[in-house]
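Examining the three-dimensional arrangement
Residues per chain are reported as follows:
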Amino acid sequence: MPYKRKKYHNGDTHLKKRWRVRNRKKDLDEIDVDLKEENAEKLLNQEVNLDIPGAAQHYCLHCARYFIDEHALSEHFKTKVHKRRLKALELEPYSIEESERAAGHGNFKLATKRKIVTQNSDKQDITDRDDELLEDSSAKKKKTEENDA
């Protein structure tokens, strides 16, 4: 009995595209824009958003990912995926000027390497923040008591 080749999923390209788009991450040139000082400051100090993992408080700039807590973020810094992304970000991103130089408009300039360092996670512990809040609230109570007296 001859083998019948099954072509039941031949026209499913619209499904394949949807799967590819769902898992799409930021490209290297978009991440390069995020690494600038003003953008990085905004991304690292975001407001609390409960729809994002970790309430948007634990973000890796280089990988453009949110993490559930500080421990998960620090463990991510040790992974091969993060180290590969750092290595890929060392080269300057491809730009329109570079494409024009490649087409013969201008002089060729070799892409320069940069030093990319993992972001530091110098956030205070939750217990430290709680202690500060307690001290602030007790100081406010003392001031109100002094003003009342």
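The name an unreviewed UniProt entry gives the protein chain is Zinc finger protein 593 homolog, with Bicyclus anynana as the organism. The UniProt entry for the protein chain carries the following text under Subunit (unreviewed entry): "Associates with pre-60S ribosomal particles; released from the pre-60S particle very early in the cytoplasm." Comment text from UniProt for the protein chain, heading Sequence similarities (unreviewed entry), reads "Belongs to the ZNF593/BUD20 C2H2-type zinc-finger protein family."

All right, on to the overall build of the protein chain then. Within the protein chain, the regular secondary structure consists of seven helices and two strands. Helices and strands in the protein chain line up, N terminus first, as α-α-α-β-β-α-α-α-α. Taken across its 149 residues, the protein chain has 17% of its residues classed as buried. Nonlocal contacts in the protein chain, meaning residues at least 24 apart in sequence, comprise 41% of its contacts between residues at least 6 apart. As displayed, the protein chain offers around 12700 Å² of accessible surface, 53% of which is attributable to carbon and sulfur atoms.

What follows concerns the environment of Leu61. With respect to the secondary-structure elements, Leu61 resides in the loop between strand S1 (59-60) and strand S2 (65-66). In this structure, the C-alpha to C-alpha distance between Leu61 and Leu43, residues 18 residues apart in sequence, is 7.5 Å.

Our next topic: the side chain of Gln46. Among the secondary structure elements, Gln46 is positioned in the loop between helix H3 (37-44) and S1. Side-chain polar atoms of Gln46 contact the side chain of Tyr66, separated by 3.2 Å. With near-sequence residues (within four places) excluded, Gln46 lies in contact with Ala56, Gln57, Tyr59 and Tyr66.

This paragraph deals with the environment of Ile116. Checked against the element boundaries, Ile116 lands in the loop between helix H6 (96-102) and helix H7 (126-148). Along the chain, Ile116 and Leu35 lie 81 residues apart, while their C-alpha atoms are 9.8 Å from each other. Setting aside anything within four residues of it in sequence, one finds Ile116 in contact with Leu35, His62, Leu86, Leu89 and Glu90.

What follows is about unusual backbone geometry. Of note, the phi angle at Ala56 is positive, near 65°, even though the residue is not glycine. By the element assignment, Ala56 lies in the loop between H3 and S1. By relative accessible area, Ala56 is classed as buried at 1%. We note that Ala64 has phi near 55°; this positive angle belongs to a residue other than glycine. Given the relative accessible area of 18%, Ala64 is considered buried.

Before going further, it helps to spend a moment on the nonpolar core. One finds Ile31, Ala40, Leu43, Tyr59, Leu61, Ala64, Leu86, Leu89 and Ile116 forming the largest nonpolar core, which totals nine residues. Looking at this core, the elements that each hand over two or more residues are H3 and helix H5 (80-89). Residues in contact with Ala40, not counting those within four places in the same chain, are Asp34, Leu35 and Leu61. With five residues, the next largest nonpolar core counts Cys60, Phe67, Leu73 and Phe77 among its residues.

For the rest of this paragraph, the subject is the environment of Arg85. Structurally, the position occupied by Arg85 is in helix H5. Separated by 22 residues in sequence, Arg85 and Cys63 have C-alpha atoms that sit 6.6 Å apart. Look past the residues within four positions of Arg85 in its chain and what remains in contact with it is Lys26, Leu28, Ile31, His62 and Cys63. Among the polar contacts made by the side chain of Arg85, one reaches the main-chain carbonyl oxygen of His62 at a distance of 3.3 Å.

Rules used throughout
Counting starts from 1 at the beginning of each chain's written sequence and moves along it residue by residue. Residues qualify for local features only when their pLDDT is at least 70, as the model is predicted, and side-chain atom pairs are given and counted only at 80 or more; totals for whole chains, interfaces and linings, by contrast, use all residues. Here the side-chain values reflect all heavy atoms present in the structure, with hydrogen atoms and water set aside. UniProt positions are given in the numbering used here, feature names are shortened, and annotations may be inferred rather than shown by experiment. Strands here mean DSSP runs of E at least two residues long; helices mean DSSP runs of H or I at least four residues long; both are numbered from the N terminus. Under the scheme applied here, a residue whose accessible area is under 20% of the maximum for its type counts as buried, over 50% as exposed, and between as partly exposed, the area being computed with a 1.4 Å probe on protein chains only. Whether two residues touch is decided by their heavy atoms; if any such pair falls within 4.5 Å, the residues are in contact. Only the protein chains shown count as cover for residues, and the accessible areas themselves come from Shrake-Rupley with a 1.4 Å probe. A 3.5 Å cut-off defines polar contacts: any pair of N or O atoms within that distance qualifies, except that in protein one atom must be a possible hydrogen donor and the other a possible acceptor, and neighbouring residues in sequence count only when both atoms are side-chain atoms. We call a set of buried Ala, Val, Leu, Ile, Met, Phe, Trp, Tyr and Cys residues a nonpolar core when their side-chain atoms join them within 4.5 Å.

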